[in-house]
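This is what each chain is made of:
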Amino acid sequence: MQAALHIALTIAGICAPSLLIALAVRRWLVRVPWKIITLFLFLTFAFLGGAVFTTGIPVPLDEVARGYPHRGVTGEIAPRNPLTNDTVRLFLPWMHVVREELAAGNLPLWNRYAFSGYPLLGNGESAPFFPSFLATLFVPLPKQLVAMAGVKLFVSLLFTWLLIRRERLPSSAAVFAAVCFTFSVFQTVYLYYSTTAVTSLLPAAIFTVLHLFDNPRSRSAFWFCAIVVGVLQTAGHPESVLHVAVACVVLLLIEVVAPAVPREDSAVSLRSRLLLPVAAALFGMLISAPAWVPVLEQVTESLRFQEISEAREMTPPFPGASAWTLLNPDLFGNPARGNWSWVLNYSVVASSYAGLLTLALIPSALFSRRASARDRILAIAAIASFLMAMNWTILGRVLNAIPPLSIVANDKIRFVTVLLAAMIAARALTRIERGSRWLELAGSALVVLIAAEGLHRKLGITIAPPAFAGILTVAGFWLATIYASRCGKMSLILPAAVAAITIELFVINIPFNALVDTRLYRPELPIINAIHERSPGEPFRVAGIGWVLMPQTSAEYGVEDIRGSDPMATSSYMDFFGLIEAEDDSFGVKRIENLAQPCADFLNVRFALAEPGAMAPPGWRVVYQGVDGTLVENGFSMRRFYAPERLVPGESSLLTQLKGIEDFRTTAVIHGVETHANPPPHSLAITEPRSGKFRLRIDAKERTFIASSQPHSPGWRVGIDGKRAKIHTVNGAFIGFFVPAGQHVVEVKYVPMSFWISVVVAVLALLGGVRWLRRNREPNVQRSDT
């Protein structure tokens with residue numbers, strides 16, 4: 001019964017937001033035929049298939065289950081596709097934390113479960129205000145990931161279709177382009193990532209910008225453009241938002257040079273037409289400010305910013321052999337089939353693939369006499385974006401050196417290449433339907449021959465039967481085209497192209513996100529139950545030794561971890577964590593091998609999880625032994641808030657200074673103070689520990705310094721009896737403060753002003769926009785069908 005309910009909720013989670021979006025488009029933009037909306041919903045469900053209609057989940061829960069403590073409960077498991085493990089290491093835990101905070105009536109601002117606590121909204125990719133996430137909250141985890149993916153697919157299909165219809169191309173050609181972009185390898189490999197929350201909106205961004213350019217007097221066009229920009233800002237992947245912005249500018253400039261449609265309403269100047277999308281984008285950024293301003297603030301505090309500051313090349317040149325994946329994404333194998341074999345991973349290399357038929361139609365855009373200037377400019381833009389993404393030729397190197405593109409990983413800009421390729425192919429198909437065939441056929445034959453050579457080279461090594469899908473569907477399309485030409489049934493050509501690209505991309509891409517049994521999601525773990533049973537009255541943290549209890553997954557079990565896996569972690573905390581971190585920082589996961597260190601005591605680590613049969617470190621004792629692991633308890637764990645015996649000033653080499661401290665109870669490094677003894681308080685109690693907030697009762701016999709292992713980030717405040725107190729940085733990364741003599745109630749809470757100021761800005765902008773809309777009501781015009 002529960003399984004059937006989850007399936008029904010998943011279906012509703014896809015259909016309800018998708019239909020609302022479709023209704024909004026029909027009401028305020030263009031009357032999209034219901035048969036198109038129905039077709040796109042059908043394609044969405046067909047592609048997701050078992051992810052919707054079975055209890056399976058298309059993310060690698062089995063990757064987490066490989067290690068302890070899960071392994072002791074689930075048994076030995078071979079992961080089907082560990083390549084996409086960020087979905088279970090990062091996104092599912094973040095979604096769990098956001099849902100937990102919202103259910104508790106809190107704003108999702110702070111994540112207490114990783115890195116001893118760090119900004120939740122500020123990390124960007126948690127995307128707690130993304131409309132698709134909020135609209136599908138009624139779908140239980142992990143199926144909510146599937147519902148969100150379904151909405152992404154539908155939105156991508158719908159707006160790609162609208163964009164191509166704006167090119168004055170037939171509906172079937174628009175469907176072809178929509179399928180090509182939406183079910184491309186790029187969209188598939190990142191389908192359950194925050195990346196595609198942005199990239200799936202690329203067609204919507206371009207269409208609404210161009211629609212506003214076409215209809216400068218339309219208030220609904222302005223609002224739609226602003227809303228799309230605002231949604232992009234909430235989606236959680238700022239780099240891809242930048243790439244979307246670049247694509248919109250390029251397409252807008254192409255529209256000026258080689259317009260797809262004649263400009264009506266000549267009374268509106270070109271300058272005004274160009275400024276309106278800019279104004280809409282700025283308005284969209286203002287109303288979405290609470291989602292991105294805290295991210296901008298956290299970036300400057302993050303480990304990622306440190307990496308950027310090193311000025312290393314963010315997009316190194318790809319090996320030349322990567323070009324083969326333009327012809328076949330599986331040329332070096334496929335992780336879903338267990339035969340990937342190359343120096344780079346599949347998602348990095350194969351995401352250029354947009355379908356062999358799509359690639360086969362591009363040459364005619366450059367060389368056909370029937371190709372327009374717009375065709376050629378689009379083809380040049382597609383090639384340029386691809387060279388930039390691969391960092392090939394002087395063009396790629398120059399573009400990758402231009403700020404702000406110089407500080408982002410531009411290899412992902414290939415999603416723009418894929419959309420441009422889909423547009424070019426759709427226009428070529430229209431020319432074929434109208435009689436231009438020989439050059440297109442010759443180009444297809446050449447592309448097929450080169451693809452066949454690649455298959456020949458890898459036959460018996462990495463090639464599986466699905467790798468032949470591209471050649472077979474191209475051949476099928478041309479056979480259908482020749483038949484249609486001879487029989488005078490030209491209307492069959494475009495449907496044949498749609499069928500060919502759909503079959504090819506479905507065959508190649510559906511198996512990638514392999515289904516995994518949902519019983520592997522958050523199974524009951526006796527070792528975790530043992531932690532909760534022994535939970536002290538005050539806040540505490542845990543750690544896993546080695547690969548035990550993957551960082552971030554602790555959130556799903558309600559225990560706070562000192563480890564984590566996120567480049568947006570606060571850099572000052574990560575510098576301190578270097579005292580305990582294992583030297584082998586594999587896969588960006590912050591691991592620990594030796595817990596018998598003073599910094600583990602300081603970080604409030606009460607329990608540690610190890611593999612079954614492990615011995616307790618010195619000073620620790622075994623409190624649980626089971627098939628899922630060994631639980632050890634730290635007898636020297638320090639309280640979250642405490643009064644150190646002595647305060648010393650920070651030295652220039654802080655890490656070296658911290659390494660020399662044998663007991664953090666006795667010594668705390670505080671910048672800006674002289675060395676002196678710190679009198680202990682009569683009492684110190686944490687009376688209200690919550691996420692992002694602590695209430696303390698302190699009775700101090702004289703002025704006393706209170707230190708903590710609570711990481712400091714912009715936004716933390718200390719209030720003593722309702723009066724704000726100064727925060728002093730403890731040990732380079734943590735919160736500390738002085739309390740005067742006497743009895744006091746102290747509140748330590750996370751109140752990021754960047755968020756609240758941006759809320760005020762967003763509300764004022766929204767109210768101003770509504771007032772402007774009421775004062776400038778749009779005439780009630782009849783929407784034309786498309």
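Heads up: these notes are all about the structure in this document.

Reading guide: rules and limits
Residues numbered from 1 in each chain as written. Predicted model: local features only at pLDDT ≥ 70, side-chain atom pairs only at ≥ 80, totals over all residues. Heavy atoms only, no water. Helix = DSSP H or I, 4+ residues; strand = E, 2+ residues; numbered from the N terminus. Rg over C-alpha atoms; globule rule 2.2 N^0.38 Å. Buried < 20%, exposed > 50% of the residue type's maximum accessible area, 1.4 Å probe, protein only. Contact = heavy atoms within 4.5 Å. Areas by Shrake-Rupley, 256 points an atom, 1.4 Å probe, with all protein chains shown as cover. Lys, Arg positive; Asp, Glu negative; His and termini not counted. Charge placed at Lys NZ, Arg CZ, Asp CG, Glu CD. Expected span 1.5 Å × (residues − 1). Pairing = 2+ DSSP bridges. Patch = residues over 30% accessible without salt bridge, like charges linked within 9 Å, V, L, I, M, F, W, Y side chains within 5 Å. Salt bridge = Lys/Arg side-chain N within 4 Å of Asp/Glu carboxyl O. Core = buried A, V, L, I, M, F, W, Y, C linked by side-chain atoms within 4.5 Å. Axes fitted to C-alpha atoms, helices over the stretch in contact; angles between N-to-C directions. Parallel < 35°, antiparallel > 145°, perpendicular 65-115°, else oblique. Left-handed = near helix turned anticlockwise from the far one by under 90°. Nonpolar A, V, L, I, M, F, W, Y, C, P; charged D, E, K, R; others polar. Phe/Tyr/Trp six-rings, centres within 6.5 Å; stacked < 30°, edge-to-face > 60°.

### A look at the overall build of the chain
Reasoning step 1: When its secondary structure is counted, the chain shows 31 helices and 20 strands.
Reasoning step 2: A globule of 786 residues ought to have a C-alpha radius of gyration of about 28 Å, and the chain, at 29 Å, matches this closely.
Reasoning step 3: Across its three principal axes, the chain shows a C-alpha extent of roughly 95 × 65 × 55 Å.
Reasoning step 4: A buried classification covers 58% of the 786 residues belonging to the chain.
Reasoning step 5: By sequence separation, contacts in the chain at least 24 residues apart represent 74% of the contacts at least 6 residues apart.
Reasoning step 6: Split by element, the accessible area of the chain, about 30,600 Å² in all, is 61% carbon and sulfur.
Reasoning step 7: Counting 68 positive and 55 negative side-chain charges, the chain places the centres of these two groups 12 Å from one another.

### Comments concerning helix α21 (residues 373–390)
Reasoning step 1: Taking 1.5 Å of rise per residue, the 18 residues of α21 would be expected to cover 26 Å, and the 26 Å separating its terminal C-alpha atoms lies within 8% of that figure.
Reasoning step 2: Within the span of α21, buried status applies to Arg374, Asp375, Leu378, Ala379, Ala381, Ala382, Ser385, Phe386, Leu387, Met388, Ala389 and Met390.
Reasoning step 3: Considering only its buried residues, α21 is in contact with α8 (143–166), α14 (238–257), α20 (363–367), α22 (393–399) and α23 (414–433).
Reasoning step 4: Immediately downstream of α21, the backbone of asparagine 391 shows phi near 55°, a positive value.

### Looking at the sheet that holds strand β10 (residues 646–648)
Within a sheet, adjacent strands bond to each other through the backbone by hydrogen bonds, running parallel or antiparallel.
Reasoning step 1: Spatial ordering of the open sheet is given by β11-β10-β12, a layout of three strands whose pairing is mixed. Looking along the sheet, the strands with just one partner apiece sit at the ends: β11 (667–669) and β12 (676–677).
Reasoning step 2: Alignment of β10 against β12, held across two bridges, turns out to be antiparallel. In the sheet register, leucine 647 faces β12, and the bridge partner there is histidine 676.

### Quick look at a nonpolar patch on the surface
Reasoning step 1: On the surface, a nonpolar cluster with roughly 490 Å² of combined accessible area is contributed by Leu107, Leu286, Met753, Trp756, Ile757 and Val761.
Reasoning step 2: If you tally residues by element for the nonpolar patch, the top one is helix α31 (residues 753–775), at four residues.
Reasoning step 3: Mapped onto the elements of the fold, methionine 753 is located in helix α31.
Reasoning step 4: Taking the relative accessible area as the measure of exposure, methionine 753 reaches 36% and is therefore partly exposed.

### Examining the pairing of strand β7 (residues 620–626)
Reasoning step 1: The pairing of β7 with strand β8 (residues 629–634) spans six bridges and is antiparallel. Bridging across to β8, glycine 626 finds its partner in glycine 629.
Reasoning step 2: Connecting β7 to the next strand, β8, in antiparallel fashion are two residues.

### Some words on the nonpolar core
Reasoning step 1: Core analysis: the largest hydrophobic core is formed by 209 residues, its most contacted members being Phe40, Leu48 and Phe477.
Reasoning step 2: The greatest single-element share of this core, amounting to 16 residues, is contributed by α8.
Reasoning step 3: Once you skip the residues sitting within four places of it in the chain, phenylalanine 477 turns out to touch Leu357, Leu429, Ile432, Ile493, Ala496, Ala497 and Ala500.
Reasoning step 4: One finds Ile698, Ile727, Val748 and Tyr750 within the second-largest nonpolar core, a separate group that totals 23 residues.

### A closer look at the pairing of strand β19 (residues 734–739)
Reasoning step 1: A large share of β19 lies buried, amounting to six of its six residues.
Reasoning step 2: Relative to β19, strand β15 (residues 704–711) runs antiparallel, the two being bridged by five bridges. Each residue of the ladder has a partner; that of proline 711, found in β19, is phenylalanine 734.
Reasoning step 3: Two elements, strand β18 (residues 728–730) and β19, share three bridges in a ladder whose sense is antiparallel. Counterpart to histidine 728 in the pairing with β19 is glycine 736.

### A closer look at the packing of helix α9 (residues 171–182) against α23
Reasoning step 1: Packing of α9 against α23 leaves a shortest axis separation of 9 Å and a crossing angle of 155°. Taken together, α9 and α23 sit at an angle that is classed as roughly antiparallel. Pair α9 / α23 crosses with right-handed handedness. Only Phe415, Val418, Leu419, Ala422, Ala425, Ala426, Leu429 and Thr430 of α23 make contact with α9, whose side of the interface consists of Ala173, Phe176, Ala177, Cys180 and Phe181.
Reasoning step 2: Looking at the contact of α9 with α23, its residues break down into 12 nonpolar, one polar and no charged.

### A look at the environment of aspartate 62
Reasoning step 1: Mapped onto the elements of the fold, aspartate 62 is located in helix α4 (residues 61–65).
Reasoning step 2: A relative accessible area of 3% means that aspartate 62 is categorised as buried.
Reasoning step 3: In this structure, the C-alpha to C-alpha distance between aspartate 62 and arginine 690, residues 628 residues apart in sequence, is 32 Å.
Reasoning step 4: Not counting the four nearest positions on each side in its chain, aspartate 62 is found in contact with Ile77, Ala78, Pro79, Arg80, Val516 and Leu520.

### Thoughts on unusual backbone geometry
Reasoning step 1: Of note, the amide linkage connecting tyrosine 68 to proline 69 takes the cis form, showing an omega dihedral of 5°.
Reasoning step 2: On the secondary structure map, proline 69 appears in the loop between α4 and α5 (70–74).
Reasoning step 3: At the junction of leucine 141 and proline 142, the peptide bond is cis and its omega measures out at 0° in the coordinates.
Reasoning step 4: By secondary structure assignment, the location of proline 142 is in the loop between α7 (131–135) and α8.
Reasoning step 5: One non-glycine residue, asparagine 604, lies in the positive phi region at around 70°.
Reasoning step 6: Counting through the fold element by element, asparagine 604 comes out in the loop between α29 (598–602) and β6 (605–610).
Reasoning step 7: Judged by its relative accessible area of 3%, asparagine 604 is buried.

### With respect to the packing of aromatic side chains
Reasoning step 1: Inspection of the entire model under this criterion finds 36 aromatic pairs.
Reasoning step 2: Taking 5.4 Å as the distance between ring centres and 20° as the angle between the ring planes, the aromatic pair formed by tyrosine 346 and phenylalanine 512 counts as stacked. Of this pair, tyrosine 346 sits in helix α18 (residues 346–349) while phenylalanine 512 sits in the loop between α26 (493–509) and β4 (516–517), and the two are 166 residues apart along the sequence. There is no split in this pair, since tyrosine 346 and phenylalanine 512 are both buried.
Reasoning step 3: When the ring of tyrosine 573 is compared with that of phenylalanine 577, the centres are 6.1 Å apart and the planes differ by 35°; the resulting orientation is tilted. With tyrosine 573 and phenylalanine 577 both in helix α28 (residues 571–577) and four residues apart, this pair spans about one turn of that helix.
Reasoning step 4: In this structure tyrosine 573 comes out as buried when scored by relative accessible area, which is 1%.
Reasoning step 5: Phenylalanine 577 gets classed as buried once you look at its relative accessible area, which sits at 1%.
Reasoning step 6: Taken together through their ring pairs, the aromatic side chains of Phe115, Tyr118, Tyr573, Phe576, Phe577, Phe602, Tyr642, Phe664 and Phe734 make up a single cluster.

### Quick notes on the pattern of salt bridges
Reasoning step 1: Summed over all chains, the structure comprises 30 salt bridges.
Reasoning step 2: Note that arginine 606 and glutamate 633 form a salt bridge whose closest N and O atoms lie 2.9 Å from each other. In this pair, arginine 606 is assigned in strand β6 and glutamate 633 in strand β8, connecting sequence segments 27 residues apart.
Reasoning step 3: Judged by its relative accessible area of 25%, arginine 606 falls in the partly exposed class.
Reasoning step 4: Of the charged contacts in the structure, one is a salt bridge between lysine 749 and glutamate 747, with a shortest N-O distance of 3.6 Å.
Reasoning step 5: Here lysine 749 falls in the partly exposed class, since its relative accessible area comes to 32%.
Reasoning step 6: For glutamate 747, a relative accessible area of 18% puts it in the buried group.
Reasoning step 7: One network of salt bridges, in which partners are shared, links Arg166, Glu167, Asp214, Glu255, Arg374, Asp375, Arg427, Arg431 and Glu440.

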